[in-house]
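What the coordinates show
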Amino acid sequence: MKLSSSLSALCSLLLAAVASGAPQADPDLSIPSITATVTATSFTTFGSSSSVSASSSPSGTLSSHTSIPSSNSSSASLPSSVSTSTIPSSGPVASSTPSTSTQLSSASSSVSVSSGSASATVPSSAASSATFNSGAGTETGIIFPTITPESFTPFPVPSDTPIPSTFPETDPSSPPDVSDAGKVVPDFGQAWKTAYKKAKLHISGWTLEQKVNATTGVGWQGGLCVGNIPSIADWQGLCLEDSPLGVRYADFVTAFPTGVNTGATFNRTMMRIRGEFMGAEHKGKGVHVALGPMMNMGRIAQGGRNWEGFGADPFLTGEAAYETILGMQSSGVQACAKHFINNEQEHKRTQSSSNVDDRTQHEIYAHPFLRSVQAGVASAMCSYNLINDTFACDNDKMMNDILKREFGFQGYIMSDWSAQHTTESAMTGLDMTMPGDISFNSGNSYFGGNLTAYVRNGTIPESRVDDMATRVLAAWYYLGQDRNYPDTNFNAFKMLDPATNKHVDVQEDHFTIVHDIGVASAVLLKNTNNALPLKKPRSVVLVGNDAGPALHGPNGFTDRDGDDGILAMGWGSGTAQFPYLIDPLGAIQVRARQDRSLVSWYLDNFNLPGAASAVQGQDVAIVFVNADSGEQYLTVDGNEGDRKNLTLWQNADALIKTVADNNANTIVVANSVGPAIIEPWIDHPNVTALLWAGLSGQEAGNSITDVLYGAFNPSGRLPYTVAKNPADYGAQLITGGGPNDILSIPYTEGLNIDYRHFDAANIEPRFEFGFGLSYTTFKYSGLQISAVHHSDKTSADLESKWSAGKAAPISDGSSAAIWLHRPAVQVKFNIQNTGKLAGGEIPQLYIQHPSSAGEPPSVLKGFTDVLLKPGQTKTVTLTLSRYDLSIWDTVQQGWVRPKGTIKFAVGQSSRLFKLHGAVPL
Ligand code: BGC
């Protein structure tokens, strides 16, 4: 179902229910220019930073392609003597591949013994001469895939017998309704089968070179988009474009709220609509593959790209990814689940090994990718890092065994930009290389001519190349992109080129969801004496640079690599151009005009005496502060992507304390990429309220204003834990490492990330995951639990095995099997609005396993959003599947029911439980 039409209904309901006359910012309002404090900026432009070639390394000889290129990266390099690609000994074959990016690599011998990360050995070239620094915290070697000539059998479309009520045959253009979440699992099997048939027929007349070209990008900046597959015969090729929050490097597009704000809404409808609108904008610009959503986990609070993702919990991230993908693909664009997998920090992202055990991988990091597959995602992107010593894009275990076999992923896997390291990766599951060249503009490729050569000399079977090209074409057919798809009408790298940029306006009224997610993601963390909502204050003073506009405009920093004015997205490739950016200063003045309030402001964060005198005698002082982060190829104020600390930026703590010392009604609004340490001032008696507003896109000022003034009753919930001390988090950023080191990142905390760690270690956080206040109050009652029985008995045998603690045998698509995911338990309860204002509540369900299961004390497995008028009661139903109740058994290699009673709690956060029960299965 298309949700855009229901959007305005939903949003007007939300707003009308809680407000009379939400203020609208006047875009013509003239805002005085300010002298902003730009803390620091790097003006490195996208892709311009140089790749550190292995030849600059002090030791060792080089093969011609040992440098790891920088994709948006400034510091990538491999240990100098490791050859990352070898042509099998049967020798070089002249390339006739017409790709623009093909070139043969030099021949060298390789000892090929096995395939796949589980049993792979280091290729002889690496084994004999690797000179890794093997000190503490670094790895002693990289495991590259090596292959012998072998046959290839494609993975099948997992057996799918649709069950109309719970597993209906579904086309991506009309996904199930949002209200069916948990009750209905879409079966995209038939749609994939039809698409595969068309794709196979399409490529049946292609030459080997043409099929290879469908897997090989044209090279960096070789086309209109950040990634481009060339046209082949009568097929037009593909435009691949960032980002997870809009169409990057294009004008007349919407700058949507970030992923982390979308997560903070805990609102599936909004997640779906945002996806639908983003998909429509990508399609309108002629983008075939939109490079999002991003679903890394926020394992460490300092992670530079956490704001691109949905928060620090796999279930929340998985649901947000699922809804986003269903929405995006319903609009006709291919979504891309990224970054697969364990790219949890930016520091040395191309030279670090995330060392993760099988259970943690399944339960935490792979889960959102499983949900993506269940949403029928068309593509996935393997990440820069290594996993257990094998690069993600070489990783047979992750790509073939988990994503394609166990999850039954039918689409194709592309590399992150220059994250490919070998041609052999074709056999370990990689289907497409992006942007195509080994390093930007190197003129050669691991696929292209090299892949052709591997096939010609019999090392890689042509059937595998058929499979790769089939997957790429199938995804295109699957989304109906063969029917009236718009031509690409923008130029990512020459945004003003009149010949290629048609400036097509794709915005429609998508600002509405930006505004609505902005209000619904603002988390009210403190509100003493009902300081909020504001009630026609006589005078308001706004303090802090974050309240106003940036001196150089909303797009003044390349890829947003600077912090000036209201912060509404982080920096890096996960960005889009702002069409405009409403700041709080502008929006609040419009409201003040209505209330006849006096408004003043003081935007200099560093003149504390000035701030102190500006706030004296004012009814209310609102201090706007922020914290920024982004992608590794850009450094801002010493933050190399990741955050160098968890403090707020630009003298914020001192500014807040100064204001609070001088004004008894100090309200803090924080626009932060993630958690921050707020201990210096949170208990200050004059800090009466704290609104954690995140990064909410182009309508930021309007959204914040609506929450401050009560036009919207806050319902946002923290998608991560705010600690009292950085050391309280269970995992930390790993720094250091020399130029040749492969940094070890041991995931020793296992399942205990974020709130799970605080619970397990009994550490009191400042504000826990899932927490957020409202201007009203809610009462929970009437818990009822029942097992769900199905009239069909298709999975009765597997279900009783599960009840006995036995895992179902691993097979194609076994982790996505319908028996595991269909509703098994229904949890019902009542929520009543016991306050005086209408408002939304976010009930959350946490599973509490028996201690023998080795699980964290509480794990989120259900949530929804309920809108209630004062006095109104509604019954809420949440469903749990057997998968939701299972743990991954590393010995049996399957999902099992732990022994003993499985309990659960329903409540308002990961700690504020209101109802308790036990699972009747
Ligand atoms: C990022 C990806 C992005 C790609 C293309 C890479 O550096 O990690 O998320 O999609 O660049 O811009």
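Residues numbered from 1 in each chain as written. Predicted model: local features only at pLDDT ≥ 70, side-chain atom pairs only at ≥ 80, totals over all residues. Heavy atoms only, no water.

1. Quick word on the packing of helix H15 (residues 584-595) against helix H18 (residues 700-708)
- Here H15 crosses H18 at 45°, and the two axes come no closer than 8 Å. Considered as vectors, H15 and H18 are oriented oblique to each other. The two elements H15 and H18 cross, and the hand of that crossing is right-handed. Each of Pro-584, Ala-587, Ile-588 and Arg-591 in H15 lies in contact with H18, whose residues at this interface are Gly-701, Asn-702, Ile-704, Thr-705 and Leu-708. (Axes fitted to C-alpha atoms, helices over the stretch in contact; angles between N-to-C directions. Helix = DSSP H or I, 4+ residues; strand = E, 2+ residues; numbered from the N terminus. Parallel < 35°, antiparallel > 145°, perpendicular 65-115°, else oblique. Left-handed = near helix turned anticlockwise from the far one by under 90°. Contact = heavy atoms within 4.5 Å.)

2. Notes on the state of the cysteines
- Applying the stated criterion across every chain yields a total of 2 disulfides.
- Here Cys-225 is linked by a disulfide to Cys-239, with a sulfur-sulfur distance of 2.1 Å. Measuring handedness by torsion sign, the sulfur bridge of Cys-225 and Cys-239 sits at about -100° and is left-handed. Taken as a pair, Cys-225 in the loop between helix H4 (208-213) and strand S1 (227-229) and Cys-239 in strand S2 (residues 238-241) lie far apart in primary sequence, 14 residues in all.
- Cysteine pairing for the protein, with bonded cysteines counted in sequence order: 1-2, 3-4.
- Free cysteine Cys-336: the closest other cysteine sulfur is in Cys-382, separated by 9.4 Å.
- With relative accessibility at 0%, the residue Cys-336 sits in the buried group. (Disulfide = S-S within 2.5 Å. Buried < 20%, exposed > 50% of the residue type's maximum accessible area, 1.4 Å probe, protein only.)

3. As for unusual backbone geometry
- With omega at 10°, the peptide bond leading from Asp-242 into Ser-243 counts as cis.
- With respect to the helices and strands, the residue Ser-243 is situated in the loop between S2 and helix H5 (259-265).
- Cis rather than trans, the peptide bond between Lys-338 and His-339 has omega equal to 0°.
- Relative to the assigned elements, His-339 resides in strand S4 (residues 334-340).
- The backbone of Ala-233 sits at a positive phi, close to 50°, despite the residue not being glycine.
- With respect to the secondary-structure elements, Ala-233 resides in the loop between S1 and S2.
- With a relative accessible area of 60%, Ala-233 lands in the exposed category.
- Phi is positive for His-503, close to 50°, though the residue is something other than glycine.
- In this fold, His-503 is placed in the loop between helix H13 (462-478) and helix H14 (511-520).

4. Describing the sheet that holds strand S13 (residues 620-627)
- Here 6 strands make up an open sheet; going across it, the order is S10-S15-S14-S13-S11-S12 and the pairing mixed. The strands lining the two open edges of the sheet, one partner per strand, are strand S10 (523-527) and strand S12 (598-602). Averaged over neighbouring strand pairs, the angle between their axes works out to 20° when direction is ignored.
- In the sheet, strand S14 (residues 666-672) pairs with strand S15 (residues 687-692) via 5 bridges, with the strands oriented parallel. Note on S15: the bridge partner recorded for Ile-667 is Ala-689.
- In this fold H15 packs onto strand S11 (539-543), S12 and S13, with an angle of close to 165° to the strand it touches most, S12.
- Against the sheet, H18 contacts S13, S14 and S15, and its axis sits at roughly 145° relative to S14. (Pairing = 2+ DSSP bridges.)

5. Observations regarding the sheet that holds strand S9 (residues 412-415)
- Pairing in this open sheet of 6 strands is mixed, and the strands run S1-S2-S3-S4-S6-S9 from one edge to the other. Looking at strand neighbours, the two that pair on one side only are S1 and S9, the edges of this open sheet.
- Note: strand S6 (residues 379-382) against S9, 4 bridges, orientation parallel. Residue pairing in the sheet places Ala-380 in a bridge with Ile-413 of S9.

6. Thoughts on the pairing of S2
- Across the two faces of S2 the burial is the same, with Leu-238 and Leu-240 and Cys-239 and Glu-241 all buried.
- Inspection of the sheet shows S1 paired to S2 by 3 bridges, in the antiparallel sense. Within the sheet, the bridge partner assigned to Gly-227 lies in S2 and is Leu-240.
- Bridge count between S2 and strand S3 (residues 289-290): 2 bridges; the pairing is parallel. The partner of Leu-240 across the bridge, within S3, is Val-289.

7. Here's the deal with the nonpolar core
- In terms of nonpolar packing, the biggest core is built from 144 residues, with Leu-238, Met-414, Trp-417 and Leu-473 touching the most fellow members.
- Counting contributing residues, this core receives three or more from each of domain 1 (189-479) and domain 3 (778-918).
- Setting aside its immediate chain neighbours within four residues, Met-414 contacts Leu-240, Val-289, Leu-291, Cys-336, Ser-379, Ala-380, Met-381, Cys-382, Leu-430, Met-432 and Met-434.
- Core analysis: the next-biggest nonpolar cluster, separate from the first, contains 87 residues, Val-514, Ala-621, Leu-695 and Tyr-720 among them. (Core = buried A, V, L, I, M, F, W, Y, C linked by side-chain atoms within 4.5 Å. Domains from an automatic or database assignment.)

8. Some details on helix H16 (residues 608-615)
- Among all positions of H16, only Gly-610, Ala-611, Ala-612, Ala-614 and Val-615 are buried.
- Contact partners of the buried residues in H16: S11, S12, S13 and helix H17 (652-662).
- Count one or two residues on from H16 and you reach Gly-617, which has phi positive near 80°.

9. Focus on the packing of helix H6 (residues 268-284) against helix H7 (residues 314-330)
- Running from N to C, H6 and H7 cross one another at 40°; their axes reach a closest spacing of 6 Å. One way to sum up the angle between H6 and H7 is to call them oblique. Here the hand of the crossing between H6 and H7 comes out right-handed. Every residue of H7 that contacts H6 at Arg-268, Met-271, Arg-272, Arg-274, Gly-275, Glu-276, Met-278 and Gly-279 is listed here: Phe-315, Leu-316, Glu-319, Ala-320, Glu-323, Thr-324, Leu-326, Gly-327, Met-328 and Ser-330.
- Along the lines of polarity and charge, the residues of the contact of H6 with H7 split into 7 nonpolar, 5 polar and 6 charged. (Nonpolar A, V, L, I, M, F, W, Y, C, P; charged D, E, K, R; others polar.)

10. As for the side chain of Asn-489
- Of note, Asn-489 is situated in the loop between H13 and H14.
- The class of Asn-489 is buried, set by a relative accessible area of 10%.
- The contact partners of Asn-489, leaving out residues within four places of it in the chain, are Gly-284, Lys-285, Gly-286, Thr-500, Asn-501, Lys-502, His-503 and Val-504.

11. Let's talk about the site of the ligand
- Taken together, 16 residues lie near the ligand, and Asp-242, Arg-305, His-339, Asp-416 and Glu-631 sit nearest.
- The separation between an oxygen atom of the ligand and a polar side-chain atom of Asp-242 is 2.6 Å.
- Within the side chain of Lys-338, a nitrogen or oxygen atom sits 2.8 Å from an oxygen atom of the ligand.
- The fraction of the free accessible surface of the ligand (310 Å²) that becomes covered by protein chains is 100%.
- When its residues are assigned to classes, the shell around the ligand shows 5 nonpolar, 4 polar and 7 charged. (Near = heavy atom within 4 Å. Polar contact = N/O pair within 3.5 Å; in protein donor to acceptor, adjacent residues only side chain to side chain. Areas by Shrake-Rupley, 256 points an atom, 1.4 Å probe, with all protein chains shown as cover.)

12. Points about the environment of Trp-888
- Structurally, Trp-888 can be placed in strand S24 (residues 887-889).
- For the pair formed by Trp-888 and Gln-361, sequence separation is 527 residues and the distance between their alpha carbons is 9.4 Å.
- Excluding residues that lie within four positions of it along the chain, Trp-888 makes contacts with Asp-358, Arg-359, His-362, Glu-363, Glu-406, Ile-810, Ser-815, Gln-893, Gly-894 and Trp-895.
- Within the structure, Trp-888 has its side chain in polar contact with the side chain of His-362 (distance 3.4 Å).

Interpretation note: all reported values are geometric properties and have no functional meaning in isolation.
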